[in-house]
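So the chains spell out like this:
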Amino acid sequence: MAREQVNEIVAEMVANVLNVAVSPGDKVATGDTVVLLESMKMEIPVIAEHPGTVRAVKVGPGDVVQEGDVLLELTD
């Protein structure tokens with residue numbers, strides 16, 4: 001049985017989570033916006049770098065994330 005490949009999408013900076021655009025089970029394509037962050041009054045979209053299925057969402061609106069925090073997990 002093949003092992004499930006998990007890709008983590010992480011925060012690249014300290015920011016507030018404004019919106020989570022996906023839920024567990026959703027399919028995403030490369031380039032889809034999955035989370036919207038806000039830092040220093042600027043909105044920063046977090047983009048899926050690989051296609052996959054959302055396995056887990058680790059944040060919600062209003063959360064404060066640090067650089068390197070896992071926002072969500074995708075499986076192939």
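**Student:** I tried to follow the pairing of strand E5 (residues 42-47) on my own but got confused; where do I start?
**Tutor:** Strand residues, when the strand is regular, have side chains that alternate between the two faces of the sheet. In this sheet, E5 lies alongside strand E4 (residues 33-39) in antiparallel orientation, the contact comprising six bridges. From the neighbouring strand, Thr-33 faces E5, where its bridge partner is Ile-47. What sits between the antiparallel neighbours E4 and E5 is a turn of two residues, in which Met-40 has the positive phi angle 55 degrees.

**Student:** Quick question: what am I supposed to make of the sheet that holds strand E7 (residues 64-65) here?
**Tutor:** Pairing between sheet strands relies on hydrogen bonds along the backbone, with the strands arranged either parallel or antiparallel. Here four strands make up an open sheet; going across it, the order is E5-E4-E2-E7 and the pairing antiparallel. Whereas interior strands pair on both sides, the edge strands pair on one side only; in this sheet they are E5 and E7. As defined by bridge partners, strand E2 (residues 15-20) adjoins E4 across four bridges and the pair is classed as antiparallel. Residue pairing for E4: Val-17 is matched across the bridge by Leu-37.

The rules we used
- Within each chain, residues carry numbers counting from 1 in the order of the written sequence.
- Where totals are concerned, whole chains, interfaces and linings use all residues; where local detail is concerned, this predicted model gives features only for residues with pLDDT of at least 70, and gives and counts side-chain atom pairs only at 80 or more.
- Hydrogens and water are ignored here; the side-chain numbers use all heavy atoms of the structure.
- When DSSP finds at least two bridges between two strands, those strands are taken to pair.
- Under the scheme used here, helices are H or I runs from DSSP no shorter than 4 residues and strands are E runs no shorter than 2 residues, and both carry numbers assigned from the N terminus.

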